[in-house]
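Here is what each chain is made of, one letter per residue.
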Amino acid sequence: MDKNNLNNIPKDLFVPLVRKEDTSEKISAPSRTFFQDAKRTLFNNKPAVFSMILILFIIIMSIVGPWMNNYGSDEQDLKRAKMPPRVPALENVSWLGMDGTLSGTFQGKDVQQATAKANARFDNKEEFIDLEVINKGDGTRNSAEVKATYRIYEAKDMKDTYFWFGSDALGRDQWTRLWEGTRVSLIIAFVAALLDLAIGVSYGGISAFYGGRVDNIMQRIAEILVGIPNLVIILLMMLVLKPGIISIVIALSITGWIGMSRIVRGEVLKLKNQEFVLASRTLGTSNGTIIRKHLVPNISGIIIINTMFSVPGAIFFEAFLSFIGLGIVPPDASLGSLIDLGFDNLRLYPYMLVFPAIVISVLMIAFNIVGDGLRDAFDPKMHK
Amino acid sequence: MTRYLLRRVWYMLITLFIIATFSFFLMKILPGSPLQAEDKLSEEQKEIILEKYGLNDPIPVQYAKYLGGLVKGDLGVSFKFDNTPVTTILFDRIGPSALLGFQALVIGSILGIFLGLMASIYRNSPIDFSSTIIAVIGTSIPSFVFAGLLQYVFAVKLGWFPVALWGTSAHTILPTIALAIHPMATAARFTRTEMVEVLHSNYIITARAKGVAESGIILKHGLRNALIPLITVLGPMAVGLMTGSMVIEQIFAIPGIGEQFVTSVMVNDYPTIMGTTLLFAFGFIVIILIIDLLYGLIDPRIRLAGGK
Amino acid sequence: MSKLLEVKDLKVSFNTYNGEVHAVRGVTFDLNKGETLAIVGESGSGKSVTSNAIMRLLPEPHGYIKEGQILLEGVDLAKKTSKEMQKIRGKDISMVFQDPMSSLNPTMKIGYQIMEGLMKHQNMSKTEARKTALELLTLVGIPRPDVRINQYPHQFSGGMRQRVVVAIALACNPKILIADEPTTALDVTIQAQILELMKSIQQKTDSAIIFITHDLGVVANVADRVAVMYAGKIVEIGTVDDIFYNPKHPYTWGLIGSMPTLDSSDEELFAIPGSPPNMLTPPVGDAFAPRNQFALEIDTVMEPPMFKVSDTHYAATWLLHPDAPKIEPPDAVKHRMQGFAQTGTKGGGKR
């Protein structure tokens, strides 16, 4: 060290330090509660936030969507069946496919044959079919190619009618049906998830909290129930019950609670044996208070996460049931039934499938992302 | 170990018993009989048929016969398909389903593990990001939507693969892909999470302190610890495959058990429904049992417990 | 004695969400061949980070060597690439960690975990490596090595596991063995065994040992020299005798004073109040000042340099400045120092 420096220090600094405040035990970082940390982590997670917004948007649409135009969900009009989507503002954006036209490419050994095929397909309304020759052809099979665009709204004298998402095989407005179907699917999913929660938490919680014989018996029963595949039970239940919203909810809840109860039981068992519960007991806290103040806050995270994940499961099962015809019965709509109808018309009228498929996929993806985000948020290790 | 095995087998039997009983009484409640297929029979002929299938006996007797039949492997006869024994129907159909399921499981798992591994090594890089996206989409999009999409794009529009049905190996490709997405996504997610956790373990630090190269750390030290828990996920995956098969087989018109089940549900062919249910339950329980045993064998901590 | 390791003004930081944490703020020390240097300090003093930095095992990407040199026989380890370090770790320097429960790979046989280093660094074949592994197991005192070599970690008790970890560390005859609180997680009796083991091995192999601990009692038993660390810096360094008979830094007094001894009578334990500072914002002046009952005004203004007490003994405290008041260690500490001198042992009471 610099000897000069050392000797130049004023001597009056070498006196005992007079302390102003006791700074030895100061804690320097701000203290935050667990839920504050969790909220922060969640809202920092951009995909999760985006997904939550999407879910909210879809929920809102499912409520107000059908009111946005004048069609009822059940107005059947065969004259207006199978109309493609047509949105006023987007009509001129040709690649979006919302301009109220049907198009396709047709092949033949020459342009004439190809054109003939196009006409056949599109009600032979030649004056409303725009043709574009892609390949003149040379007489060999399928060498000529023609792209035909059918201005179907004009052809059917519906110049002022707009079906935003098109119409289905019976002439019903798809936009209205889509949002009503989404509503039905969401209701089923949420109610089923809540029932799962209620049953699962009670079963698992009681089993774990009382332990001993109670736990033993309850777990044996659960083990046996778990041995039966979900889908099988659901299908069997649907056979017994009349198809409809309530039956689906019941069928879904009968199987869904087991997963939740297992997780809750696991958590409660873990917590029960942890030292802070023991400490609380030695201080004389009652059972009820222990449950309320110690167990519930610690398992609430996992319950929320699990519920978030059971919603897409319920959506899927409902969709599947409706898809195979055991779920929502026509003329009611649900995402599954819409997809089922869409599949039937996939080749010629793909839009009937596209919209419900997008909605259900977005819903399920969004719920999964939010579930993941919540899982991270409630994990103290992920709090930054 | 053997006690554990015995206990599990015992539970298996109880579960099957319950399902069988449940199925039986369900079948009795719901309308439907071997007579469904034929309307133009005389009364006597109908009586003969009913006698033949023991349907005039009192319920307890029928129940006993039913259980007895089960033990012998007799699942009754189908109401719809000209009274073919259910076992025959199932037997014919198990091939495609088994093949499809097996392919999907193997391909899905291997790809998934690989994806998850890459994601964990290159954390927070584009590789991680895209792998996570694939995983999320794979577990989220309903299988029938995805299958339908595959069918539309690759078979109908592009014509690369046959649209439906079964027969050549080309027929298996699209359905396998559709069915494999779920196991793949699950495996990828799981592998990534496990690897990330494993790579933070103390024994990995020890290995680094020994001078083991990074590739050795990941593959030799990390992966084997990360994959062991993956076995526990195989159970739910297998269930998922069963569920998925019903959907996929429907869409691709594959003559498998799943499709059979759905069809028999739609036409109310109760014996077939019950028989298939029992088969599913049986298969499921056996798979879970095998997986539990496998887990015990592979994890040395369980295998050699009490070796101090 | 030749200088095996020279650490010069080492600074290590971590980039965290809240900012840069200055874990090590300028550490300088040497290590000679065959000697045992103990690094003592509280949790958070930076002692483990220092040893991790030497091994270049800092958690990347947020941990990094900010400044300084780590000269192993003249070669600066701080500048080595990760591939180069892989050749050095396990071979020239190896490490024994704190928790034997988790430091061993649970799904790998013990034998393989020992053999791995041998096959890699010394190019042994599997049979040669196995033979050496068996010898090592015997060396560390594991009975029936031929059976044990094929077993898994969970089949060993805690103490035995730690012996295995020592065996792994010694496999390639490293020049330096870094032991990071190797006995903290073990029972006291096992502790003594492991310490004996390390000492006997050191005699045989002549490796240098850096022994990291917060337990002065352990230090007395094993070390030749001691470095006391606080808040990322060495505050006092000297031979074991220097530190135990003639400590000069108030923090060292605190450490010695807070050791319970069997031969002291009815006095209170001399505890150091408060907790170590937050290394996000390193304190100005002497980091120990807030907890130091002997702090001077200058401690809040300037950091004390290392003052020389003897050729072997240095302490960084303003109390050693010629202008500072002459302060004696507190009575409790003095009693212990006398106790050490009398009984000739430096540990906590009679062993």
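Cut-offs applied
- Along every chain, residues carry numbers that run from 1 in the direction the sequence is written.
- All chains are assigned letters beginning with A, and all ligands numbers beginning with 1, in the order in which they are written.
- Selection of residues for local features in this predicted model requires a pLDDT of at least 70, selection of side-chain atom pairs for listing and counting requires 80 or more, and totals for whole chains, interfaces and linings are taken over all residues.
- Secondary structure follows DSSP: runs of H or I at least 4 residues long count as helices, runs of E at least 2 residues long count as strands, and numbering of each begins at the N terminus.
- All radius of gyration figures rest on C-alpha atoms, and the globule criterion is 2.2 Å times the number of residues raised to 0.38.
- We call two residues in contact whenever the C-beta atoms placed from their backbones are within 7 Å.
- For every residue, the other C-beta atoms within 10 Å of its own C-beta are counted; 20 or more classify it as buried, 12 or fewer as exposed, and values in between as partly exposed. C-beta atoms are placed from the backbone.
- Pairing between two strands requires that DSSP report at least two bridges joining them.
- Crossover handedness is defined by viewing with both strands directed away from the observer: a clockwise path from the first strand over the helix to the second marks the crossover as right-handed.
- Axis definition: a line fitted to C-alpha atoms, limited for helices to the stretch in contact. Angles are taken between N-to-C directions and run from 0 to 180 degrees.
- Gly falls in the polar group here, along with every residue not listed as nonpolar (Ala, Val, Leu, Ile, Met, Phe, Trp, Tyr, Cys, Pro) or charged (Asp, Glu, Lys, Arg).
- Under the definition applied here, buried Ala, Val, Leu, Ile, Met, Phe, Trp, Tyr and Cys residues are grouped into a nonpolar core through C-beta atoms within 7 Å.
- Angles are sorted into four bins: roughly parallel if under 35 degrees, roughly antiparallel if over 145, roughly perpendicular if 65 to 115, and oblique for all others.
- Each helix crossing is assigned a hand: it is left-handed if the near helix lies turned anticlockwise from the far helix by less than a right angle, otherwise right-handed if that turn is clockwise.
- Confidence scores here are pLDDT values: one per residue, from the predictor, ranging 0 to 100.

1. Quick look at the overall build of chain C
Right, so step 1: Looking only at helices and strands, one finds twelve helices and twelve strands in chain C.
Right, so step 2: Relative to its length of 351 residues, chain C is compact, with a C-alpha radius of gyration of 21 Å against a globular reference of 20 Å.
Right, so step 3: By its C-alpha atoms, chain C is 65 × 45 × 40 Å across when sized along the principal axes.
Right, so step 4: Nonlocal contacts in chain C, meaning residues at least 24 apart in sequence, comprise 67% of its contacts between residues at least 6 apart.

2. Topic: the overall build of chain B
Right, so step 1: Counting its regular elements, chain B contains twelve helices and zero strands.
Right, so step 2: Walking chain B from its N terminus toward its C terminus, one meets helices and strands in the order α-α-α-α-α-α-α-α-α-α-α-α.
Right, so step 3: Evaluated residue by residue, chain B yields a buried proportion of 40% over its 308 residues.
Right, so step 4: When contacts within chain B are restricted to residue pairs at least 6 apart in sequence, those whose partners lie at least 24 apart make up 73%.

3. Observations regarding the pairing of strand S8 (residues 208-213) of chain C
All names here are of chain C.
Right, so step 1: Most of S8 sits inside the fold, with six of its six residues counted as buried.
Right, so step 2: Along S8, one buried face is formed by Ala 208, Ile 210 and Ile 212 and the opposite face, lined by Ile 209, Phe 211 and Thr 213, is buried too.
Right, so step 3: Sheet topology places strand S3 (residues 36-40) next to S8; five bridges connect them, and they run parallel. Considered in S8, the bridge of Ala 38 is made with Phe 211.
Right, so step 4: Here strand S7 (residues 176-180) runs beside S8; their pairing, made up of five bridges, is parallel. The residue of S8 that forms the bridge with Asp 180 is Ile 212.
Right, so step 5: Handedness of the crossover joining S7 and S8 through helix H8 (residues 188-205): right-handed.

4. Structural notes on the sheet that holds strand S5 (residues 75-76) of chain C
All names here are of chain C.
Right, so step 1: Taking strand neighbours across the sheet as the criterion, the four strands line up as S2-S1-S4-S5 in an open arrangement whose pairing is antiparallel. Among the strands making up the open sheet, the edge pair consists of strand S2 (19-32) and S5.
Right, so step 2: Relative to S5, strand S4 (residues 63-72) is paired through two bridges, and the arrangement is antiparallel. Note on S5: the bridge partner recorded for Leu 71 is Asp 76.
Right, so step 3: Of the strands in this sheet, strand S1 (3-16), S2 and S4 are in contact with helix H1 (residues 47-54), which crosses S2 at around 70°.

5. Some thoughts on the interface of chain A and chain B
Right, so step 1: Tallying the contact residues gives 31 residues for chain A and 31 residues for chain B.
Right, so step 2: Among the secondary structure elements, those contributing two or more residues to the side of chain A that touches chain B are helix H7 (212-226), helix H8 (230-240), helix H11 (287-323), helix H12 (335-344) and helix H13 (351-377) of chain A.
Right, so step 3: Of the residues contributing to the side of chain A that touches chain B, the split by class is 25 nonpolar, four polar and two charged.

6. Quick look at the interface of chain B and chain C
Right, so step 1: Residue-level contacts link 20 residues of chain B with 28 residues of chain C.
Right, so step 2: Going through the elements one at a time, helix H8 (202-209), helix H9 (214-252) and helix H12 (300-303) of chain B are the ones with two or more residues in the side of chain B that touches chain C.
Right, so step 3: Ranked by residue count, the leading element in the side of chain B that touches chain C is H8 of chain B, at six residues.
Right, so step 4: Its residues placed into classes, the side of chain B that touches chain C shows eight nonpolar, seven polar and five charged.

7. Considering unusual backbone geometry
Note on backbone geometry: most residues besides glycine have negative phi, and most peptide bonds are trans.
Residue and element names in this part refer to chain C.
Right, so step 1: The phi dihedral of Arg 144 falls on the positive side, at around 50°, and the residue is not glycine.
Right, so step 2: Position of Arg 144 relative to the elements: it lies in the loop between helix H5 (126-139) and helix H6 (145-148).
Right, so step 3: Its 10 C-beta neighbours within 10 Å are what place Arg 144 among the exposed residues.
Right, so step 4: Backbone geometry places Asp 206, a non-glycine residue, at a positive phi of 60°.
Right, so step 5: The exposure class of Asp 206 is exposed, given the 12 C-beta atoms found within 10 Å.

8. Focus: the sheet that holds S3 of chain C
Residues and elements named next belong to chain C.
Right, so step 1: The strand order S6-S7-S8-S3-S9-S10-S12-S11 describes an open sheet built from eight strands, whose pairing is mixed. The strands lining the two open edges of the sheet, one partner per strand, are strand S6 (93-96) and strand S11 (307-308).
Right, so step 2: On top of the sheet, helix H7 (residues 158-170) reaches S6 and S7; it is set at about 175° to S6, its chief contact.

9. Concerning the nonpolar core
Right, so step 1: In terms of nonpolar packing, the biggest core is built from 244 residues, with Ile 339 and Ile 360 of chain A together with Ala 167 and Val 228 of chain C touching the most fellow members.
Right, so step 2: Broken down by element, this core gets its largest block of residues, 16 residues, from H13 of chain A.
Right, so step 3: Sequence-distant contacts of Ile 339 of chain A, defined by excluding residues within four places in its chain, comprise Ala 319, Phe 323, Leu 353, Pro 356, Ala 357 and Ile 360 of chain A together with Val 145 of chain B.

10. Observations concerning helix H10 (residues 257-266) of chain B
Right, so step 1: Extensive coverage of H10 of chain B is indicated by the burial of eight of its ten residues.
Right, so step 2: Looking at H10 of chain B, one finds that the buried residues are Ile 257, Gly 258, Glu 259, Gln 260, Phe 261, Val 262, Ser 264 and Val 265 of chain B.
Right, so step 3: Residues of H10 of chain B that are buried in the fold lie against H8 of chain A together with helix H4 (86-121), H9 and helix H11 (270-298) of chain B.
Right, so step 4: Just downstream of H10 of chain B lies Asn 268 of chain B, where phi reads positive at about 60°.

11. Remarks on the packing of H9 of chain B against H11 of chain B
Residues and elements named next belong to chain B.
Right, so step 1: Relative orientation of the contacting elements H9 and H11 amounts to 170°, with a least axis distance of 9 Å. With respect to their mutual orientation, H9 and H11 come out roughly antiparallel. Every residue of H11 that contacts H9 at Ile 228, Ile 231, Thr 232, Leu 234, Gly 235, Ala 238, Val 239 and Met 242 is listed here: Phe 280, Phe 284, Ile 287, Ile 288, Ile 291, Leu 294, Tyr 295 and Ile 298.
Right, so step 2: Grouping the constituent residues of the contact of H9 with H11 by class yields 14 nonpolar, two polar and no charged.

12. Examining the packing of H4 of chain B against helix H7 (residues 169-198) of chain B
Two quantities define a packed helix pair, namely the angle between the axes and the distance from one axis to the other.
Residue and element names in this part refer to chain B.
Right, so step 1: Two elements in contact, H4 and H7, have axes whose closest approach is 5 Å; the angle formed by their N-to-C orientations is 35°. Where H4 crosses over H7, the handedness of that crossing is right-handed.
Right, so step 2: When the residues that make up the contact of H4 with H7 are grouped by side-chain class, the tally is 21 nonpolar, ten polar and two charged.

13. Here's the deal with the environment of Leu 278 of chain A
All names here are of chain A.
Right, so step 1: You can see Leu 278 is positioned in helix H10 (residues 275-282).
Right, so step 2: On the neighbour-count criterion, Leu 278 (11 C-beta atoms within 10 Å) is exposed.
Right, so step 3: Expressed as a C-alpha distance, the spacing of Leu 278 and Lys 79, which sit 199 residues apart in the sequence, is 74 Å.

14. Topic: H8 of chain A
Right, so step 1: Of all eleven residues in H8 of chain A, eight are buried, a share of seventy percent or more.
Right, so step 2: By the burial criterion, the buried members of H8 of chain A are Asn 230, Leu 231, Val 232, Ile 234, Leu 235, Leu 236, Met 237 and Met 238 of chain A.

15. Re the confidence of the model for chain C
Reading fine detail from the predicted coordinates is not recommended where pLDDT is low.
All names here are of chain C.
Right, so step 1: Mean pLDDT over chain C: 85, with 93% of residues reaching 70 or higher.
Right, so step 2: Counting contacts from residues 345-351, a segment whose pLDDT is below 50, to residues more than four positions away or on other chains yields 18 contacts.
Right, so step 3: Interface confidence for the predicted complex, given as ipTM, is 0.80, next to a pTM of 0.76.

16. Some words on the pairing of strand S10 (residues 233-239) of chain C
Residue and element names in this part refer to chain C.
Right, so step 1: Counting buried positions along S10 yields six of seven residues, so the element is predominantly enclosed.
Right, so step 2: Sheet topology note: the strand S9 (residues 225-230)/S10 ladder contains six bridges and is antiparallel. By the bridge assignment for S10, Tyr 230 is matched with Lys 233.
Right, so step 3: The antiparallel hairpin formed by S9 and S10 contains two residues in its connecting segment, where Ala 231 sits at a positive phi of about 50°.

17. Some details on the environment of Asp 269 of chain B
Right, so step 1: Locating Asp 269 of chain B in the fold gives a position in the loop between H10 and H11.
Right, so step 2: According to the C-beta neighbour criterion, Asp 269 of chain B is buried, with 24 such atoms within 10 Å.

18. Points about the environment of Thr 50 of chain C
Residues and elements named next belong to chain C.
Right, so step 1: If you trace the backbone, Thr 50 turns up in helix H1.
Right, so step 2: Accessibility expressed as a C-beta count within 10 Å gives 27 for Thr 50, which makes it buried.
Right, so step 3: C-alpha of Thr 50 to C-alpha of Ala 295: the two residues are 245 residues apart in sequence and 27 Å apart in space.
Right, so step 4: Ignoring sequence-local partners within four residues, the contact set of Thr 50 consists of Leu 10, Val 24, Val 27 and Ile 39.

19. Let's talk about the confidence of the model for chain B
Right, so step 1: On average, residues of chain B score 78 in pLDDT, and 89% of them reach the 70 mark or higher.
Right, so step 2: Confidence, expressed as mean pLDDT per element, reaches its minimum in chain B at helix H2 (residues 43-52) of chain B with 71 and its maximum at H8 of chain B with 89.

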